[in-house]
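Chain and residue survey
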Amino acid sequence: MAYKISDDCIACGACAAECPTEAITEGDNKYVIDAEKCVDCGTCAGVCPVEAPKAE
């Protein structure tokens, strides 16, 4: 199960900087996670100040 970033994202980039598989990229209004690259480690959720990444 991959993580998904909710609309709570404030586009700070903290999650992308910490992702070990580089699965997170900047989207139009928020960051997005490539489900194919996500290994469900939860690192993004641990560093997000607004808890936007959620396990699907």
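Residues numbered from 1 in each chain as written. Predicted model: local features only at pLDDT ≥ 70, side-chain atom pairs only at ≥ 80, totals over all residues. Heavy atoms only, no water.

Let us look at the nonpolar core. If you look at the biggest cluster of nonpolar residues, it comprises 14 residues, and the most contacted ones within it are Ile5, Cys15, Ile24, Tyr31, Ile33 and Cys44. Put simply, the parts of the chain that give this core at least two residues each are β1 (3–5) and β3 (31–33). Not counting chain neighbours up to four residues away, the residues in contact with Tyr31 comprise Ile5, Cys9, Ala11, Cys12, Gly13, Cys15, Ala16, Ile24, Thr25 and Glu26. (Core = buried A, V, L, I, M, F, W, Y, C linked by side-chain atoms within 4.5 Å. Buried < 20%, exposed > 50% of the residue type's maximum accessible area, 1.4 Å probe, protein only. Helix = DSSP H or I, 4+ residues; strand = E, 2+ residues; numbered from the N terminus. Contact = heavy atoms within 4.5 Å.)

It is worth spelling out the pattern of salt bridges at this point. Following the criterion strictly, the structure yields one salt bridge and no others. With its nearest N and O atoms 3.1 Å apart, the salt bridge here joins Lys30 to Asp7. Placement of the pair is Lys30 in the loop between β2 (24–26) and β3 and Asp7 in the loop between β1 and α1 (14–18), with a sequence separation of 23 residues. Asp7 gets classed as exposed once you look at its relative accessible area, which sits at 67%. (Salt bridge = Lys/Arg side-chain N within 4 Å of Asp/Glu carboxyl O.)

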